[in-house]
Amino acid sequence: MSDIDGALAPPGTRIAPRQNIKLLERGLSLAAGTAIGALAARRKGVAGIALGLVGSMLVTRGVTGAAPARRLLGEQPDEAAVAKAVGWSSAAVVSRSVTINAPRSLVYSRFRDIGSWSDWAVNVDSADAAAESKLRFVTMDPSGAIAWQGEVAEDVTDEVLTITSLPESTVPVTARYEFRDAPAGRGTEIHAAVAYEPPGGSLGRYAAKLTQREPGIQLRRDLKRFKSLIETGEIAVNAPQGAEPKA
């Protein structure tokens, strides 16, 4: 188990926004939002509505500790901790989950067949086991195909699968997948968390969002494709713009 497993642990059955502002800033946001809200209550018309919206946004920011704009444009405290742990210049962490109507043992075994990832993962051109826990991937990014090596860092049957790139790899990434029984016998939940070193830092990360190449967007789509493959035997989820469907 790596030092960053704690930061990569998926946040339960529902993805919660990661806190990315400190306690002092949260307190200031809450106080300012409350004051602006009180002022808005004494104003009428458009000005009152506008002040009310600003006040509610600041209160929400203070209560949740999450600033969406800051998350969009920069590295967050939990991501900085991941970057420090693995020696990257910066890190981005994304998490997604999906519920699949199938037994956990089946879902895990199909997912653990890493050689078949290219059937449902849009940006994976090929994947295979080189030796023991070592893996070889060819993935696609806007510049073309990139070959890199990884390894299975943790593998608990029907529960956890963690894959990390090797230190010399051209694609610095760590991915952790947890498999859980869904409530009320509704099948299996996959909770996925991926940390990667974004090329070009924050600007490169933002550009990837604009071009729909950001790993969080791809991860959500890939999990939906995997769900469709398990439940129906075929992939019925639309491919992203500019990508040819694999099935």
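Our subject in this report is the structure included herewith. All values reported here derive from a predicted model rather than from experimental measurement.

Secondary structure summary: the protein chain contains eight helices and seven strands in total. Out of the 247 residues belonging to the protein chain, those deemed buried represent 40%. Long-range pairs, those at least 24 residues apart, make up 55% of the contacts in the protein chain with a sequence separation of at least 6. Approximately 13,100 Å² of the protein chain is accessible, and the part contributed by carbon and sulfur atoms is 58%.

One non-glycine residue with positive phi stands out, namely D158, at about 70°. With respect to the helices and strands, D158 occurs in the loop between β4 (144-156) and β5 (160-165). At A184, a residue that is not glycine, the phi angle is positive and equals roughly 60°.

Here strand β3 (residues 134-141) runs beside β4; their pairing, made up of eight bridges, is antiparallel. By the bridge assignment, T139 is partnered in β4 with I146. Two strands pair when backbone bridges link them, and β4 and β5 are joined in this way by six bridges, in the antiparallel orientation. Residue pairing for β5: E154 is matched across the bridge by T162. Two successive antiparallel strands, β4 and β5, enclose a turn made up of three residues, where D158 displays a positive phi of approximately 70°.

Considering the arrangement of structural elements, one finds A192 in strand β7 (residues 188-196). Residues A192 and R220, spaced 28 residues apart in sequence, show a C-alpha to C-alpha distance of 9.3 Å.

Let's shift gears to the pattern of salt bridges. Tallied over the full model, the rule gives eight salt bridges. The partner of D128 in a salt bridge is R136, and the shortest N-O contact between them spans 3.1 Å. When the shortest N-O distance is used, the salt bridge between R180 and E178 registers 2.5 Å. Classification of E178 by relative accessible area gives buried; the value is 12%. Overlapping salt bridges, with partners in common, bring together E154, R176, E178 and R180 in one network.

We now examine the side chain of D222. Positionally, D222 belongs in helix α8 (residues 215-232). Despite its burial, D222 pairs with no opposite charge, the nearest such side chain being R225 at 4.6 Å. Non-local contacts of D222, meaning those with residues more than four positions away in its chain, are made with W120, A121, V122 and N123.

It is worth spelling out the environment of R43 at this point. Looking at the element boundaries, R43 is found in the loop between α2 (23-41) and α3 (45-64). Accessibility expressed as a relative area gives 45% for R43, which makes it partly exposed. Contacts of R43, omitting those with residues within four sequence positions, involve G48 and L51.

This part is about the nonpolar core. Nonpolar side chains in soluble globular proteins tend to end up buried together. Counting residues in each nonpolar core, the largest one holds 34 residues, and the members touching the most others are F111, W117 and I190. With five residues, the top contributor of residues to this core is α8. Not counting chain neighbours up to four residues away, the residues in contact with F111 comprise W117, W120, L161, Y177, F179, I190 and F226. Judged by nonpolar contacts, the second largest core, of six residues, contains A83, W88, A91 and V93.

Reading the values: rules and limits
Residues numbered from 1 in each chain as written. Predicted model: local features only at pLDDT ≥ 70, side-chain atom pairs only at ≥ 80, totals over all residues. Heavy atoms only, no water. Helix = DSSP H or I, 4+ residues; strand = E, 2+ residues; numbered from the N terminus. Buried < 20%, exposed > 50% of the residue type's maximum accessible area, 1.4 Å probe, protein only. Contact = heavy atoms within 4.5 Å. Areas by Shrake-Rupley, 256 points an atom, 1.4 Å probe, with all protein chains shown as cover. Pairing = 2+ DSSP bridges. Salt bridge = Lys/Arg side-chain N within 4 Å of Asp/Glu carboxyl O. Lys, Arg positive; Asp, Glu negative; His and termini not counted. Core = buried A, V, L, I, M, F, W, Y, C linked by side-chain atoms within 4.5 Å.

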